[in-house]
There are 2 protein chains.
Amino acid sequence: MTTPLPAGAVIGIIGGGQLGRMLSVAASRLGYRTHVFEPGANPPAGHVADRVTTAGYDDHAALRAFGESVDVITYEFENIPTEALDVLEGAAPIRPGREALRVSQDRLTEKTFLRDLGLATAPFADVPDAAALDAALGRIGAPAILKTRRFGYDGKGQARIMAAGDAASALADMNGAPAILEGFVSFSAEVSVIAARGQGGDVACFDPGENVHRDGILRTTTVPARLSAAQRTDAVLLAARILNALDYVGVMGVELFVTPQGLVVNEIAPRVHNSGHWTQNGCAVDQFEQHIRAVAGWPLGDGSRYADVVMENLIGDDLDRVPGLARNADVAIHLYGKAEVKAGRKMGHVNRIIRG
Amino acid sequence: MTTPLPAGAVIGIIGGGQLGRMLSVAASRLGYRTHVFEPGANPPAGHVADRVTTAGYDDHAALRAFGESVDVITYEFENIPTEALDVLEGAAPIRPGREALRVSQDRLTEKTFLRDLGLATAPFADVPDAAALDAALGRIGAPAILKTRRFGYDGKGQARIMAAGDAASALADMNGAPAILEGFVSFSAEVSVIAARGQGGDVACFDPGENVHRDGILRTTTVPARLSAAQRTDAVLLAARILNALDYVGVMGVELFVTPQGLVVNEIAPRVHNSGHWTQNGCAVDQFEQHIRAVAGWPLGDGSRYADVVMENLIGDDLDRVPGLARNADVAIHLYGKAEVKAGRKMGHVNRIIRG
C-alpha cells in the first residue's frame, strides 16, 4: 500500500497541450492543483492549471524552480530532453519513471525492448547509413517505412519505400537523423489498449478501442473494438507485461495490429493517449484520472465501461462542424482552446454515446 | 439564432467555490477561458481558472476591471450585492439577468413571484415584526418555519416553530433581519428539475432527481426519481414557466415537493445546483456545460440521460471515506480542493453509476 499525495498537493505536468489540459482537470477532481511547464506561450493546459511556467527545456533555473514547487512530476509527451530530466530528477519523483522515457524516446530501443520481452513487432532494422538501408531492405523487403529513431509523431519524420529505388530519397528525408526501417504488417484492424499500473504494481486496462487513422493521424476510436474474447485477453496480458517490465507507474497507450498470426505491437506511448479519450464519457474513472491516480498513489479505477462510445478527433477545419455537433444529444464536445486553427492540428474531439 | 461567443472568449464567474470550479472546467471543454472574481483567498475555482481576481464586492475598481476583462458575466451564487451588479452591468452582459437575481435574493419576492405565476408554494406570510408573526401563525398555523428573507442557504437563518410558544425565540434567531413565515408542506418526496433556457428562448430540462436532505443539507440525489409520467411532465412545464417568465438565460435549479395535490415549488436557484451534479456522469452535456452553453449562446444539450446515477455529497469528515470509495468501480469522485475540512462543509461529491 502506498500513501496517496495529500489533498492540495501539486502535480507538475511537463507539456501544456491538450493532454496536459485534460490531466489538469482530472487532477482537480481528485483535489489536487497542477503546475504546468511549457516552452510555448498561452498553452491550452494553462487555462485550467493552477500555475504555469513558460520556459525552455534548457532553462535549468526554471526547471529547478518548477521541480521544487511540485510534489510529483508527470508529463504529457515522451520527448523530454534527457538533460532536462537530469535537472528535475533531484527535485521531485518523475512518474512514469525514466526507463519508460528512455525506451519510448527511440524507436529502435523500443522495438528491441518489445522483441526482448517476447512480443511480436513489425520486422525492423537499424539504419545508421545508406549501406545499412540497402542491407535492411534486402532482409525486410519493400514496401517498408523508414522512420527517424527519435522525435517522430503523427506521421512526421517518416518516408515510405515502395520499392528499392525509393531508398535514396527516403534516406534524404531523414535529414541525416538516425533511422529505423520497419517492414509493413498486414493487419485487419488497429486497436489500442490504455493500460495503467499503480505504485503497488496493480494493473488495470480499459477495454481496447479500435482505431482508424488517416494521413498518419488518428481519426476515430470505437469501443468496443471488434475483437474475440481471446484477443482481448491477449491484449491485456501483453500490455501488463510491458508495464511490469518497466516497473511502470501511470497510464500507457499500447497500439496493436490485429493479424491472423496474433497481435503485433505497433508502438507504445508512456502517457495518456488520444485513443483513450473515449473513456471521458464511458467510464467512471477516465484515462486522465487513472493517470493522476497512479502518479499520486491512489487505487486505480478498474477500467470498466458503462457506455459504448465513438471518439472522433476534430482536426483543423473540422472545428467548423462544432455548431452542428452541438445539436446532437449524444455527442460530448471537448475543445482544446488552441489559439490558432491549422491544417492537421488537433483542435478537439467529440465522444458520441452509442445507446443500446 | 444567436452567434456564440468566439473560441478563446473569457467567461467571468462571480464566486470561486465548487460550482464556479466545475463551471470553469465546463467552459474549458467548449474552448473558453474563465476569470473568477472571489473575495476569499485560494478559491477552489481558482485552481482551474485562467485568471482569478481576489477582491471584495465593495471594491468597485476591481469589479470594473474584472467586468472589462471578460466577454460575459455569470455567477455561482445568487446573493451578489446589488451595488456590485450595478458596477458590473455596464462592462459586460450579466447572464442569467438581474431580474432572476432580484427575485431569488428575497424569499418573499420569490414566493410572491411563484404564486403570481399560478404555481403552488407553501403557505407564506411577510414577517416584518412580532405582531405580523402572531398574525401569520394565526393564519398558517404551526408547525411552520421562520426564515430570513435574504442570505439563507443550507438551513442557515431558519428557525422552526412547533407551537405558538416558540414564536418569540424564533424571531430572536432572525437577529432583526426581515423574515418570512412558511407553513409546512406534507410531501412524499422532494425532487428537483435542473432546467435551462438558451438565448433564443429554447428550454431543456434534465430528468428530475429525487433529493434526500439531512440537517438542512442535500445528501443524495437519485435519478430517475420515483415520479409518474404525468408528474414528470408537470415538473418540466412549471420549470419552463418560471424560466420564460424571467426571460432567463442559463441553468436554474427548481426544487419541488411531491404532494397528493400535485407539485409544490419549494425554491428556485438561478444557477447550477447541487442536485444537478449527477449529470456529470449521466449525460453527454452536464449542467455546468449546459449553463456555459446558454450564457455563451450555444445550442443547449437536450438533457437526455444515458445512465442511472446516485449522487452523494461528501460533507466534512465524509472525506475520510474517499479511499474506500475510490476502490468502487462504479463511483466517480469529484473533490473541490478546499483547504480546510469543516463540519457541514461540502468537500466533494461522488456519482455512483447504477448499471442496468
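This is a predicted model, so every value here is computed, not measured.

Draft legend 1. Just the relation of the copies chain B and chain A, in detail. Its rotation angle being 180 degrees, the transformation that places chain B on chain A also includes 0.0 Å of axial translation and leaves an RMSD of 0.0 Å. Such values leave the two copies arranged in the relation of a two-fold axis. By C-alpha distance to the rotation axis, the residue of chain B lying nearest is B:Val48, at 2.0 Å. A shared interface surface links the copies, since 100% of the contact residues of chain B are contact residues in chain A too.

Draft legend 2. Representation of the domain arrangement of chain A in the model. Residues and elements named next belong to chain A. In terms of domains, chain A is made up of domain 1 (10-94), domain 2 (123-183) and domain 3 (189-354). Distance from the C-alpha centre of domain 1 to the C-alpha centre of domain 3: 22 Å. Residue-level contacts link 20 residues of domain 1 with 22 residues of domain 3. With both sides pooled, the region where domain 1 packs onto domain 3 buries about 1900 Å², and carbon together with sulfur makes up 66% of that total. Of all residues in domain 1, Gln 18, Met 22 and Leu 30 give up the largest surface area on contact with domain 3, accounting jointly for 30% of the area buried on that side. There are 3 salt bridges connecting domain 1 and domain 3. Taking the shortest distance from any N to any O, the salt bridge between Glu 78 and Arg 271 comes out at 2.6 Å. At the level of elements, α1 (18-29) and β4 (72-75) are the ones that each hand at least two residues to the side of domain 1 that touches domain 3. Counting residues per element, the side of domain 1 that touches domain 3 draws most heavily on α1, which supplies 8 residues.

Draft legend 3. Looking closely at the sheet that holds strand β8 (residues 179-183) of chain B. Residues and elements named next belong to chain B. Across the sheet, which stays open at both edges, the 4 strands sit in the order β5-β8-β6-β7 with antiparallel pairing between neighbours. The open sheet has two edge strands, β5 (124-127) and β7 (158-161), and neither has a second partner. Between one strand and the next, the sheet's axes are offset by a mean angle of 25 degrees, whatever the strand orientation. Taken together, the 4 bridges between strand β6 (residues 144-148) and β7 define a ladder with antiparallel strand orientation. Within the sheet, the bridge partner assigned to Ala 144 lies in β7 and is Ile 161.

Draft legend 4. Main features of the interface of chain B and chain A. Facing 40 residues of chain B, the contacting portion of chain A comprises 40 residues. Both sides of the chain B and chain A interface together cover about 3200 Å² of buried area, and 55% of this is carbon and sulfur. The largest contributions to the chain B side of the interface with chain A come from B:His47, B:Ala284 and B:Tyr306, which together make up 18% of the buried area. The interface formed by chain B and chain A includes 0 salt bridges. Taken together, the connections running from chain B to chain A amount to 14 residue pairs in polar contact (both at pLDDT 80 or more). Elements with a minimum of two residues in the side of chain B that touches chain A: α1 (18-29), α10 (287-296), α11 (322-325) and β16 (331-335) of chain B. In terms of residue count, β16(B) provides more of the side of chain B that touches chain A than any other element does, 5 residues in total.

Rules behind the numbers
- Residues numbered from 1 in each chain as written.
- Chains lettered and ligands numbered in written order.
- Predicted model: local features only at pLDDT ≥ 70, side-chain atom pairs only at ≥ 80, totals over all residues.
- Heavy atoms only, no water.
- Least-squares fit on C-alpha atoms with pLDDT ≥ 70 in both.
- Contact = heavy atoms within 4.5 Å.
- Domains from an automatic or database assignment.
- Buried area = accessible area lost by both parts, 1.4 Å probe.
- Salt bridge = Lys/Arg side-chain N within 4 Å of Asp/Glu carboxyl O.
- Helix = DSSP H or I, 4+ residues; strand = E, 2+ residues; numbered from the N terminus.
- Pairing = 2+ DSSP bridges.
- Axes fitted to C-alpha atoms, helices over the stretch in contact; angles between N-to-C directions.
- Polar contact = N/O pair within 3.5 Å; in protein donor to acceptor, adjacent residues only side chain to side chain.

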